[in-house]
Amino acid sequence: MELFANLALGMQTAFSLEALLFCFAGVFVGTFVGALPGIGPLVAISVTLPLTFGLDSTIALIMLAGIFYGAQYGGSVTSILLNLPGTASTAVTALDGYPMTRDGRAGLALFTNAAASFAGSSFAIILVMAFAPAIGRIAMDFNSTEYFSVMVLGLVAASTLSNGSTIKSFAMITFGLILGLVGMDLNSGAQRYTFGILQLTDGLSLIAVAMGMFGVAEIINKIAAPDSTATQRGAGGIGLRAMLPRRDELRRFWGPTGRGAALGSMVGALPGAGPSIASFMAYAVEKRVSRDPGKFGKGAIEGVAAPESANNASVQAAFIPTLSLGIPGDVVMAVLLGAMMMHGVVPGPAFISNEPAMFWALVVSFWIGNVMLLVLNIPLIGLFVKLVSIPGRFLYPTVMFFICMGSYSINNSTFDVYVTLVFGVLGYILLRFGFQPAPVLLGFILGPLIEENLRRSLVIARGDPMVFLDRPVSVALLSLSLLLILAPILRHLVVRWRGARHAG
Amino acid sequence: MNKTLSPLVMGAAVALGAQAAAADDFPTDTVRIVVPFGAGTTTDLVTRQVGDGMSEVLGVPFAFENRAGAGGSVGTHEVVTAQPDGYTLSMGTVGTLAINVSIFEDLPYDPQTDVTPIAFVGYTPTLLVVSGESDYETVDDLVAAAQERGVTFASAGNGTSGHLAGELVRTRSGGDMVHAPFSSGAEGLTAVISQEVDFMFYHPVAALPYLEEGDLRALGVSGEGGSSVAPDVPPLAETFEGFDLIAWFMLAGPAGMDEEVARTLHEAALESLDSEAVRTHYETNGLEYEPMDYDELDDFIASEIELWGRIAEDAGAQLD
Amino acid sequence: MLRRLDPAARLVSLGVIAFGLYVIHEGTTLRIGTMARIGPGFFPIILGVAMTAFGVLALFERPAAGRGAFPARGLVCAALALLAFALLIRTAGLVPAVSALVLLMALGQPQPRPLGVAATILALTAIGYFLFILGLRLPIEPIVWPTRSGG
């Protein structure tokens, strides 16, 4: 078997003492950096990058990649415990993770996070091992029309994202789409909604908007009651028993984790689609397939398992388009790509066949790194959970400090701190009147992709709208979107028809 | 000599604002180079390589700061408003020092009056590539197709050097060529490979793996001198007379710098560019380098602004 | 229907409508384009119309129940804390920026305790120095001395 020969090749490097050491260093730094609100892997990788020049390039990449996926584990900690997501993908985890903390089930939520992350990553790694070259090819055949259709599907699927008023949820998605317009228009170069501010030319920073609408808004919400801890009921038990899922909870763990992993791998393999889209879509799918959608947003274990499994799977799968096409899924991946180029690794279709030792060592190290992360994270749960019992008068200034530093570090500029401020105040006011922030982020991420691909499709087709119905994948995706829109109406009709028959 | 001076004395000298004395001793403190693009971009890699070498030559630490935004205008603007003491520099590019002035309506700086050019540190020509499965074997095939049924070309965004190079091909050939901007060059490249669009201009090193696999075919190179990593590709100047476009990098500081300080930095940059480490990096990344005299820099920028400005103007009808 | 809504909730909905109208207004200054080349104004106008429509619909919705008193003091202090940090971090350095942030955050709480504030400032300055300046190498000075920036 060629696969086993390849794995053996990879293990030679990945199990060397040096590789294990740097892999551990990477995931360790990643976990902690990810756990700090607002800091994230971007800064950590940018800083570590110059330090890796002296290293062998495979070892350097093993460590830098470790920081990247390690941060995905750590990133969920503050969103579960404090409702402070550092990235858009963990904002989804906060939807149910934070209610679990409020119910005194923080330990279980963190355990679910670690276990689902591990399962999602493992699934995607196996997929990468088995199909990497093929996936790269398929992704290349995905053109603008298909991108447009898949993004529309994402938007439709996610319209069910938040609880409460549907109208307000739609209003917030639209608000996100509008925020996505800000900056220089890709197609025409026209400035839109930039008020003549140079820093807005590249658009608003997703991280600054997310930290404002979630982090700052949450602090404003809590600051008035200083001696309360983050949750009224405290951390709950932190012993092993409180952490491990009960049998019925375990049953509810596998389905969402499996679906999340599959969906995350698919989204991750698409060039240019980052982990945020994966977690939003996985959450939406679970809410669709659940027999009891009402429990989402109130601490459903499915609402933590699915997005975490999906975003970790997508991060691992995203190495395929990054390595084989040179197209990064998000900013962090872009920096990682730069790191590769700096080490003389040029991504391309022949990367796997030209550099088999490096590719397979990297893939094997992913798995080693994930095992390390699991082993590292489970004992840390006890420590992390204590965070919520810190009195507010210490906790909130500290978190605010990290938010400030985090938004400052995006571009080494105070401009993003002002953006965080504006969206913090706005987010708080909106939240108070029942407008949820999560759909804003979704619209913000998908909006530019939808517009860009629609316009590009039409430019290339020279204005013929039938282009969207020319290609089978695009047709299938658009039909699915239509079905999702019509489903509630159809269900309603069926129920009425059955009722009428019974009555008759 | 200056290494023996105690930091305390130096601190006092700076505090007194002793500019003239500082010029003789330059540099005594960390030199900061602002990279007006993100970490990991070609500009970033070039800056770090050249800067590290300069740090060795001058014996002071160099710090690199990424300040991306608005095609490099944000970072460049920050540097042109800094103290012209030689401690704050920027890595200029064909974009920040030549193209942006014709593309951005309210560019907050003038590359000819607000900048002290320090050293030309390298350039790269770009390749005109088409899909390996397409019927285009030569530039003439492409032009014929454009005149017959119309073709499309990709770029890494509106007003980028790749976009303008495509527009130049359009105006010079008189064919029907429609521009489809992508948010990154790599995305445009996959669209070319899958034949969603017909052609684009792309960096030789990034295109090379695809050329070897047969996914792409290079029909021409934008610079008159050709490309060292793809020596077999004919220059576009063979088809379109005088076609000579390159993407270049130039170390620069704010206007009003002491000439002695600028020349010290200039020499250090040349020495760094001569080093083994930088040479190897340039070779693996397809970057070309020819030294340029300190006194030629201003004229070079002026001629580039003129060249790209004319292309942008001719393309005007398409650049909404 | 409208009678039962509280005025604040209605004000927010009116704000949404005003925002939508503004988006449309700005959108009309941009080109709408043609099918073959959709202009930069096309999407903004559609989105502005949608925003306005949702704002109108939200006017007639029941407000979310169970709001407490408006935490005006917390809101103002948190906003000022961020503002002070942004103004000071580059011009004055880490120590003044952190001190201002912690002090303003403390003012937002009902009973600020001086000792706790001092301890928090000390701890965060230390974290900021070791983690961000030394560790992550952010271009920040611990304290910017006035003479240096002037020279």
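This structure is a prediction, so every number in the text was calculated from the model and none was measured.

Draft legend 1. Region of interest: the overall build of chain B. Helix and strand counts for chain B come out as 12 helices and 10 strands. Against the globule reference of 20 Å for 320 residues, chain B gives a C-alpha radius of gyration of 21 Å, in line with a compact fold. Each principal axis of the C-alpha distribution contributes one length, and for chain B these read about 75 × 40 × 30 Å. The buried share of chain B, taken over its 320 residues, is 55%. Relative to all contacts within chain B whose residues are 6 or more apart in sequence, the contacts with residues 24 or more apart total 74%.

Draft legend 2. Molecular detail of the overall build of chain C. For chain C, the helix and strand inventory stands at 6 helices and 0 strands. The order of α-helices and β-strands along chain C, N terminus first, is α-α-α-α-α-α. Out of the 151 residues in chain C, the part that is buried amounts to 33%. A fraction of 55% describes how many contacts in chain C between residues 6 or more apart in sequence connect residues 24 or more apart.

Draft legend 3. Local environment of the confidence of the model for chain C. Residues and elements named next belong to chain C. Confidence in the prediction of chain C, expressed as mean pLDDT, is 85, and 89% of residues score 70 or more. Confidence scores differ between elements of chain C, with helix α6 (residues 146–150) showing the lowest mean pLDDT of 52 and helix α4 (residues 94–107) the highest of 94. We note a pTM of 0.81 for the whole complex and an ipTM of 0.92 for its interfaces.

Draft legend 4. Inspection of the sheet that holds strand β6 (residues 151–155) of chain B at higher detail. All names here are of chain B. Judged by pairing direction, the sheet is mixed, and its 5 strands sit side by side in the order β7-β6-β8-β5-β9 without closing on themselves. Lying at the two open borders of the sheet, with one neighbouring strand each, are β7 (177–181) and β9 (216–221). Going across the sheet, the axis of each strand differs from the next one's by a mean of 30°, ignoring polarity. Alignment of β6 against strand β8 (residues 199–202), held across 2 bridges, turns out to be parallel. Counted as the bridge partner of Ala154 is Met200 from β8.

Draft legend 5. Structural detail: the nonpolar core. Ranked by internal contacts, the top residues of the largest apolar core, which has 318 residues, are Phe85(C) and Leu101(C). Counting residues per element, this core draws most heavily on helix α6 (residues 106–140) of chain A, at 18 residues. With residues near it in sequence (within four places) discarded, Leu101(C) still touches Pro397(A), Met400(A), Phe401(A), Cys404(A), Ala81(C), Ala84(C) and Phe85(C).

Draft legend 6. Main features of the environment of Arg31(C). By the secondary structure assignment, Arg31(C) is in the loop between α1 (7–27) and α2 (42–59). For the pair formed by Arg31(C) and Phe42(C), sequence separation is 11 residues and the distance between their alpha carbons is 7.4 Å.

Draft legend 7. Molecular detail of the interface of chain B and chain A. Tallying the contact residues gives 45 residues for chain B and 41 residues for chain A. Contributing elements (two or more residues each) for the side of chain B that touches chain A: α3 (42–58), α4 (73–80), β7, α8 (185–193) and α9 (204–213) of chain B. A per-element tally of the side of chain B that touches chain A places α9(B) first, with 6 residues.

Draft legend 8. Representation of the sheet that holds strand β10 (residues 246–254) of chain B. All names here are of chain B. If you trace the 5 strands from one edge of the open sheet to the other, you get β2-β1-β3-β10-β4, paired in mixed fashion. Across the chains shown, the open sheet's two edge strands, defined by having one partner strand only, are β2 (62–66) and β4 (115–125). Averaged over all adjacent pairs, the angle separating strand axes in this sheet is 25°, with direction ignored. Pairing analysis gives 9 bridges linking β4 to β10, with the strands arranged antiparallel. Note that in β10 the partner of Gly122 across the bridge is Phe249. Each of β1 (31–35), β3 (88–93), β4 and β10 is contacted by α4, which is oriented at about 140° to β3, the strand it contacts most.

Draft legend 9. Representation of α4(B). Residues and elements named next belong to chain B. Burial analysis of α4 places 8 of its 8 residues in the buried class, which makes it a mostly covered element. All buried positions along α4 are accounted for by Ser73, Val74, Gly75, Thr76, His77, Glu78, Val79 and Val80. Contacts made by the buried residues of α4 are with β1, β3, α5 (94–103), β4 and β10.

Draft legend 10. Layout of the pairing of β6(B). Residue and element names in this part refer to chain B. Here β6 lies mainly inside the structure; 5 of its 5 residues are buried. Burial of the side chains of β6 extends over both faces: Val151, Phe153 and Ser155 are buried on one face and Thr152 and Ala154 on the other. In terms of strand pairing, β6 meets β7 through 5 bridges, oriented parallel. By the bridge assignment for β7, Val151 is matched with Met177. Assessed by its sense of winding, the connection that carries the chain from β6 through helix α7 (residues 161–173) to β7 is right-handed.

Draft legend 11. Structural view of the domain arrangement of chain B. Residue and element names in this part refer to chain B. Domains assigned within chain B are domain 1 (31–122 + 246–313) and domain 2 (127–244). Here the C-alpha centroids of domain 1 and domain 2 sit 27 Å apart. Counting residues at the interface gives 13 residues for domain 1 and 13 residues for domain 2. Looking at the side of domain 1 that touches domain 2, the elements with two or more residues in it are α5, β10 and α12 (297–315). The greatest single-element share of the side of domain 1 that touches domain 2, amounting to 4 residues, is contributed by α5. Its residues assigned to classes, the side of domain 1 that touches domain 2 shows 8 nonpolar, 4 polar and 1 charged.

Draft legend 12. Quick look at the packing of helix α7 (residues 144–158) of chain A against helix α20 (residues 438–460) of chain A. Residues and elements named next belong to chain A. Where α7 meets α20, the axes come as close as 8 Å, and the angle between the chain directions of the two elements is 150°. Considered as vectors, α7 and α20 are oriented roughly antiparallel to each other. Remark: the crossing between α7 and α20 carries left-handed chirality. Each of Ser144, Thr145, Tyr147, Phe148, Met151, Val152, Gly154, Leu155 and Ala158 in α7 lies in contact with α20, whose residues at this interface are Leu442, Leu446, Leu449, Ile450, Asn453, Leu454, Arg456, Ser457 and Ile460.

Draft legend 13. Region of the structure containing the interface of chain C and chain A. With 54 residues of chain C at the interface, the matching set in chain A holds 56 residues. Elements with a contribution of two residues or more to the side of chain C that touches chain A: α1, α2, α3 (72–91), α4 and α5 (114–135) of chain C. For the side of chain C that touches chain A, the element with the highest residue contribution is α3(C), accounting for 11 residues. When the residues that make up the side of chain C that touches chain A are grouped by side-chain class, the tally is 39 nonpolar, 9 polar and 6 charged.

Draft legend 14. A look at the confidence of the model for chain B. Residues and elements named next belong to chain B. Overall, the prediction assigns chain B a mean pLDDT of 85, with 91% of residues at 70 or greater. By mean pLDDT, helix α1 (residues 7–15) is the weakest element of chain B at 41, and strand β5 (residues 127–131) is the strongest at 94. pLDDT under 50 marks residues 1–21. Its contacts with residues more than four places away, or in other chains, come to 16 contacts.

Draft legend 15. Examining α3(B) more closely. Residue and element names in this part refer to chain B. Here α3 spans 24 Å end to end across 17 residues, near enough to the 24 Å set by a 1.5 Å rise per residue. All buried positions along α3 are accounted for by Thr42, Thr43, Asp44, Val46, Thr47, Arg48, Gln49, Val50, Gly51, Gly53 and Met54. Gly59 sits one or two positions beyond α3 and adopts a positive phi of about 75°.

Draft legend 16. Highlighting the packing of helix α18 (residues 392–411) of chain A against helix α19 (residues 415–432) of chain A. All names here are of chain A. Here α18 crosses α19 at 130°, and the two axes come no closer than 7 Å. Taken together, the axes of α18 and α19 are oblique relative to one another. Our pair here, α18 against α19, has a crossing hand that is right-handed. Contact residues: Ile403, Cys404, Ser407, Tyr408, Ile410 and Asn411 in α18; Asp416, Val417 and Thr420 in α19. Of the residues that constitute the contact of α18 with α19, the class distribution is 5 nonpolar, 3 polar and 1 charged.

Draft legend 17. Representation of the environment of Gln112(B). Residues and elements named next belong to chain B. Counting through the fold element by element, Gln112 comes out in the loop between α5 and β4. The partly exposed category is assigned to Gln112, around which 15 C-beta atoms lie within 10 Å. Sequence separation between Gln112 and Leu97 is 15 residues; the distance between their C-alpha atoms is 8.1 Å. Apart from residues lying up to four places away in sequence, Gln112 is in contact with Ile301, Ala302 and Ile305.

Parameters at a glance
- Residues numbered from 1 in each chain as written.
- Chains lettered and ligands numbered in written order.
- Predicted model: local features only at pLDDT ≥ 70, side-chain atom pairs only at ≥ 80, totals over all residues.
- Helix = DSSP H or I, 4+ residues; strand = E, 2+ residues; numbered from the N terminus.
- Rg over C-alpha atoms; globule rule 2.2 N^0.38 Å.
- Buried ≥ 20, exposed ≤ 12 C-beta atoms within 10 Å, placed from the backbone.
- Contact = placed C-beta atoms within 7 Å.
- pLDDT = per-residue confidence, 0-100.
- Pairing = 2+ DSSP bridges.
- Axes fitted to C-alpha atoms, helices over the stretch in contact; angles between N-to-C directions.
- Core = buried A, V, L, I, M, F, W, Y, C linked by C-beta atoms within 7 Å.
- Right-handed = clockwise from strand over helix to strand, strands pointing away.
- Domains from an automatic or database assignment.
- Nonpolar A, V, L, I, M, F, W, Y, C, P; charged D, E, K, R; others polar.
- Parallel < 35°, antiparallel > 145°, perpendicular 65-115°, else oblique.
- Left-handed = near helix turned anticlockwise from the far one by under 90°.
- Expected span 1.5 Å × (residues − 1).

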